[in-house]
Protein chains: 2
Amino acid sequence: MNRDVTIPTTHPRYFSLMTREKIVAGYKNGLVALEGLIAHGRGECFDYLIGERTTDSARMAIDAAAAQILISNYPVISVNGNVAALCPDLLCSLHRSVKKSMLEINLFYYTKERESKIFQELAKYGVSNVLGTNPDNLVRIPELESNRRLVDSNGIFKADTVFVPLEDGDRTLALKKMGKKVITVDLNPLSRTSMEASITIVDNIIRVIPLLIERIKYHEKNSSESDLYTIVKSYDNKKGLKDALFIMNRYKEDQI
Amino acid sequence: MNRDVTIPTTHPRYFSLMTREKIVAGYKNGLVALEGLIAHGRGECFDYLIGERTTDSARMAIDAAAAQILISNYPVISVNGNVAALCPDLLCSLHRSVKKSMLEINLFYYTKERESKIFQELAKYGVSNVLGTNPDNLVRIPELESNRRLVDSNGIFKADTVFVPLEDGDRTLALKKMGKKVITVDLNPLSRTSMEASITIVDNIIRVIPLLIERIKYHEKNSSESDLYTIVKSYDNKKGLKDALFIMNRYKEDQI
């Protein structure tokens, strides 16, 4: 980064400021839309409120997500500009940790150029078999309010579980209506995405994915299919959202 | 503004959307850093939570800020990219309403070009005697964690009161450690800036400055120096932050 001011590693908010730099670099490299910068700012606000840490409740959601991914036949990981800018390495690791999974590029603010930059970014981390970029395979699925989205007929369209971090609410609902299990990562427990998803991880995606991979590996070694179904069935998403709100309120009261 | 989408004045969130347009225009005009767009997004989120209005508690902070400015010998108003984009006119009006005050350009993400654009922006509103741009006058002051900042030896360096809206926490603390009274405007009541400042106005700067000017004018006419000292002494910043949090929590609880 060609900057006059570099952020010292000892700055108390180094992690957050460097994450912000990743989004800025992502915008400069053509991965992130301008709208993505503003969306990131909103995420920073909620991350502040939750204490910039993974709560116990988020850990339960991550555990349920790991179980859901393992019991599904065809899980697809949706990649947008912000996640590609924040953690392309982690997305590729997650994909590698689940052999039956696929990555699919799926953009709210679509341009061919952004799609291609994201494709190149994932290729840097060794994954070039990425769905969503071949126009011949794209099919339209119904979204709310007559808006429509394109998904890959070999990817999200036929997936039984879709991991869609930092997703739009209409899109999440559209996937749910198609009968899919939807796992999302969203720092705003009040967003429509958070409320509509099957499993909402209220946390920062950079903190989430390493933990998710860890839980996937753990369950592969230690849990039976029946155990995994039990975890998924007993998971209560509304409770997770309420916990997140409660923590946001309590955390704040403790600070001052 | 040359935009494909214009915002109707009847839109319920017209004020917020137009404010966002000012930041976007500021970025395009070279006043605002990309990081500033993200910071604005975070601010929008907190503004939403507080109800996009000036609370009674913020009014008390504004009143204390007006008193503090009036009792100080040399108040300096720090200008960064975001405030220059949001309200250059209001900053110049504030400066004019306090004869002994000065404006100083002070950037976290410094570039010569941005500094110069901000200087030109202030000049448009009739203020060209702005500090912080002459390299011969810049002195380093200690910041936390070995990071250092430059301030004008004729400005912030010798000011007794510094008005630093939308400031970084380390910088706020550095100013406090130099014995200065620090007044800030910050929508995040949990930020280190908010917690470190002498007087924190938890509100949107666009709403704040007109009210601040109004209170300055009021006190000039109606209050003795002794009255002003009493206002400042009886002001409790921690209470102001707690009030802001309480209001934000109540707002969220109403949503679900």
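Bear in mind that the values here come from a model prediction, so they are computed numbers and not experimental data. (Residues numbered from 1 in each chain as written. Chains lettered and ligands numbered in written order. Predicted model: local features only at pLDDT ≥ 70, side-chain atom pairs only at ≥ 80, totals over all residues. Heavy atoms only, no water.)

K.L.:
Explanation requested: the sheet that holds strand β7 (residues 199–201) of chain A in the structure shown.
P.N.:
Backbone hydrogen bonds are what pair the strands of a sheet, in a parallel or an antiparallel way. Residue and element names in this part refer to chain A. Spatially, 5 strands are ordered β2-β1-β5-β6-β7 in an open sheet, and the strand pairing comes out parallel. Edge positions in the sheet fall to β2 (102–105) and β7, since each of these pairs with one other strand and no more. Between one strand axis and the next, the sheet turns by 20 degrees as a mean value, whatever way the strands run. (Pairing = 2+ DSSP bridges. Helix = DSSP H or I, 4+ residues; strand = E, 2+ residues; numbered from the N terminus. Axes fitted to C-alpha atoms, helices over the stretch in contact; angles between N-to-C directions.)

K.L.:
What is the right way to look at helix α6 (residues 112–124) of chain B in this model?
P.N.:
All names here are of chain B. If you check α6, its first and last C-alpha atoms are 19 Å apart, about what 13 residues at 1.5 Å a residue would give, namely 18 Å. Of all the residues in α6, the buried ones are Arg-114, Glu-115, Ile-118, Glu-121 and Leu-122. Within α6, the buried residues cover an arc of 120 degrees as seen down the axis, which keeps them to one side. Projecting away from the buried face of α6 at angles above 90 degrees are the exposed residues Glu-113 and Lys-124. Against the buried residues of α6 lie β1 (75–79), α4 (81–86), α5 (88–97) and β2 (102–105). One or two positions beyond α6, positive phi appears at Gly-126, with a value near 90 degrees. (Expected span 1.5 Å × (residues − 1). Buried < 20%, exposed > 50% of the residue type's maximum accessible area, 1.4 Å probe, protein only. Arc of directions from axis to C-beta. Contact = heavy atoms within 4.5 Å.)

K.L.:
Hey, could you run me through the pattern of salt bridges in this one?
P.N.:
When the charged atoms of two side chains with opposite charge come close together, those side chains can pair. All chains considered together, the criterion is met by 18 salt bridges over all chains. With a shortest N-O distance of 2.7 Å, Arg-207 of chain A and Asp-203 of chain A are connected by a salt bridge. A residue is classified by how much of its surface remains accessible, and Arg-207 of chain A, at 14% relative accessible area, is buried. Residue class for Asp-203 of chain A comes out buried when judged on its relative accessible area of 1%. Between Arg-20 of chain B and Glu-44 of chain B there is a salt bridge, and its shortest N-O distance comes to 2.6 Å. You can see Arg-20 of chain B sitting in helix α1 (residues 14–28) and its partner Glu-44 of chain B sitting in helix α2 (residues 34–50), a full 24 residues away along the chain. Accessibility expressed as a relative area gives 26% for Arg-20 of chain B, which makes it partly exposed. The exposure class assigned to Glu-44 of chain B is buried, which follows from its relative accessible area of 13%. Among the ionic contacts, a cluster of salt bridges with common partners joins Arg-20 and Glu-44 of chain A together with Arg-42 of chain B. (Salt bridge = Lys/Arg side-chain N within 4 Å of Asp/Glu carboxyl O.)

K.L.:
I keep staring at the side chain of Asn-204 of chain A and nothing clicks. Help me out?
P.N.:
Residues and elements named next belong to chain A. Tracing the backbone shows Asn-204 in the loop between β7 and α9 (205–222). At 3.0 Å, the side chain of Asn-204 and the backbone nitrogen of Ile-206 are in polar contact. The contact partners of Asn-204, leaving out residues within four places of it in the chain, are Phe-15, Asp-47, Val-185 and Leu-187. (Polar contact = N/O pair within 3.5 Å; in protein donor to acceptor, adjacent residues only side chain to side chain.)

K.L.:
What's the story with the nonpolar core in this structure? I'm lost.
P.N.:
Buried together is how nonpolar side chains tend to be arranged in soluble globular proteins. In this structure, Leu-122, Ile-201 and Leu-212 of chain A together with Leu-122, Ile-201 and Leu-212 of chain B are the most contacted members of the largest nonpolar core, which totals 101 residues. When neighbours within four sequence positions are excluded, Leu-212 of chain B is seen to be in contact with Ile-62, Ala-65, Ala-66, Ile-69, Leu-94 and Phe-163 of chain B. Formed by 23 residues, the second largest nonpolar core is a distinct cluster that contains Leu-241 of chain A together with Cys-45, Leu-49 and Leu-241 of chain B. (Core = buried A, V, L, I, M, F, W, Y, C linked by side-chain atoms within 4.5 Å.)

K.L.:
Just to check I follow, could you spell out the interface of chain A and chain B for this structure?
P.N.:
Much of the literature gives interface size as the accessible area that the parts lose upon coming together. Contacts between chain A and chain B engage 36 residues on the former and 37 residues on the latter. Roughly 3,400 Å² of surface becomes buried between chain A and chain B when both sides are summed, with 70% attributable to carbon and sulfur atoms. At the boundary of chain A with chain B, the tally comes to 1 salt bridge. Our enumeration of links across chain A and chain B arrives at 2 residue pairs in polar contact (both at pLDDT 80 or more). Residue contributions to the side of chain A that touches chain B peak at 11 residues, all from helix α2 (residues 34–50) of chain A. Across the side of chain A that touches chain B, the residue classes tally to 20 nonpolar, 6 polar and 10 charged. (Buried area = accessible area lost by both parts, 1.4 Å probe. Nonpolar A, V, L, I, M, F, W, Y, C, P; charged D, E, K, R; others polar.)

K.L.:
Please explain the environment of Asn-106 of chain B as it appears in this structure.
P.N.:
All names here are of chain B. Relative to the elements of secondary structure, Asn-106 occurs in the loop between β2 and α6. The class of Asn-106 is buried, set by a relative accessible area of 5%. Polar contacts involving the side chain of Asn-106 include one to the side chain of Glu-104, which spans 3.5 Å.

K.L.:
Before we go on, may I ask you to explain the state of the cysteines in this structure?
P.N.:
Disulfide: a covalent bond formed between the sulfur atoms of two cysteine residues. All names here are of chain A. Within the structure shown, the criterion is met by 0 disulfides over all chains. In this structure Cys-87 is not part of a disulfide, and its nearest cysteine sulfur, from Cys-92, lies 9.6 Å away. Since its relative accessible area comes to 1%, Cys-87 is described here as buried. (Disulfide = S-S within 2.5 Å.)

K.L.:
What should I look at first to understand the packing of helix α3 (residues 56–71) of chain B against helix α9 (residues 205–222) of chain B in this one?
P.N.:
Packed helices, taken two at a time, are described by their axes: the angle between them and the distance between them. All names here are of chain B. As a packed pair, α3 and α9 sit with axes 9 Å apart at the nearest point and diverge in direction by 55 degrees. With respect to α9, the element α3 is oriented oblique. As for how α3 packs across α9, the hand of that crossing is right-handed. Here Arg-59, Ile-62, Asp-63, Ala-65, Ala-66, Ile-69 and Leu-70 of α3 come into contact with α9, specifically with Val-208, Leu-211, Leu-212, Arg-215, Ile-216, His-219 and Glu-220. Residue composition of the contact of α3 with α9, grouped by class: 9 nonpolar, 1 polar and 4 charged. (Parallel < 35°, antiparallel > 145°, perpendicular 65-115°, else oblique. Left-handed = near helix turned anticlockwise from the far one by under 90°.)

Purely geometric stuff here, so don't read any function into it on its own.
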